[in-house]
Amino acid sequence: MIKREFTSYSCYEGYLNPSDPTMVTADDRKKLVDWCYGVVDHCQLSRETVASAMEMVDRFLSMPSNSADAARVCNEALRDQSKFQL
C-alpha cells in the first residue's frame, strides 16, 4: 500500500506553477491551509487532519485534467451548490 501511495498517488511536480495565472498558486494553497487549521483548531480536532486533507488536495490538483471535464464540473457546481458543500 505504501509503495502504491508513493507511485500511483504521488503529486506531480510543478502544479503550483506561478507562471500560469489559471492555476492554484502557492499563496492560494497557504490560504487554504491556514483556513483548515482555523477550522480544526475551532473544532478541537487533530492538526494531522489538515496534513492528510492537504495531501489529498495536492494529489487532486496535480492530476492532469481534461478542460471539457473541468468546465462541466464547474458548471454543475455553480448550478447545484448543495452537491459540493461540506
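### What about the overall build of the protein chain?
A count of helices and strands for the protein chain gives four helices and zero strands. Ordering the α and β elements of the protein chain from the N terminus gives α-α-α-α. Out of the 86 residues belonging to the protein chain, those deemed buried represent 10%. The contacts in the protein chain between residues at least 6 apart in sequence include a share of 45% that link residues at least 24 apart.

### Quick word on the side chain of Asp58
By the secondary structure assignment, Asp58 is in helix α3 (residues 48-62). Judged by its relative accessible area of 12%, Asp58 is buried.

### Section: the pattern of salt bridges
Following the criterion strictly, the structure yields four salt bridges and no others. The residue Asp34 makes a salt bridge to Lys30 at a minimum N-O spacing of 2.9 Å. Here Asp34 pairs with Lys30, and both are found in helix α2 (residues 26-42), just four residues apart, close to one helical turn. Notably, a salt bridge pairs Asp41 with Arg47, separated by 2.9 Å at the nearest N-O pair. The exposure class of Asp41 is partly exposed, given its relative accessible area of 40%. What makes Arg47 partly exposed here is its relative accessible area of 45%.

### Focus on the confidence of the model for the protein chain
A low pLDDT means the predicted coordinates there should not be read in detail. When pLDDT is averaged along the protein chain, the result is 75; 58% of the residues meet or exceed 70. Across the protein chain, element-level confidence peaks in α2 with a mean pLDDT of 92 and bottoms out in helix α1 (residues 2-7) with 56.

### A closer look at the packing of aromatic side chains
Applying the stated criterion across every chain yields a total of zero aromatic pairs. In this arrangement the basic side chain of Arg47 is found over the ring face of Tyr37, its NZ or CZ atom lying 4.2 Å from the centre.

### With respect to α2
Between the first and last C-alpha of α2 there are 24 Å, a value that for 17 residues agrees with the 24 Å anticipated at 1.5 Å per step. When we look at burial in α2, the residues that qualify are Val33, Cys36 and Val40. For α2, the buried positions fall inside an angular range of 65° around the axis, keeping them on one side. Turned more than 90 degrees off the buried face of α2, the exposed positions are Lys31, Trp35 and His42.

Quick notes on the rules
- Residues numbered from 1 in each chain as written.
- Predicted model: local features only at pLDDT ≥ 70, side-chain atom pairs only at ≥ 80, totals over all residues.
- Heavy atoms only, no water.
- Helix = DSSP H or I, 4+ residues; strand = E, 2+ residues; numbered from the N terminus.
- Buried < 20%, exposed > 50% of the residue type's maximum accessible area, 1.4 Å probe, protein only.
- Contact = heavy atoms within 4.5 Å.
- Salt bridge = Lys/Arg side-chain N within 4 Å of Asp/Glu carboxyl O.
- pLDDT = per-residue confidence, 0-100.
- Phe/Tyr/Trp six-rings, centres within 6.5 Å; stacked < 30°, edge-to-face > 60°.
- Lys NZ or Arg CZ within 6 Å of the ring centre and 35° of its normal.
- Expected span 1.5 Å × (residues − 1).
- Arc of directions from axis to C-beta.

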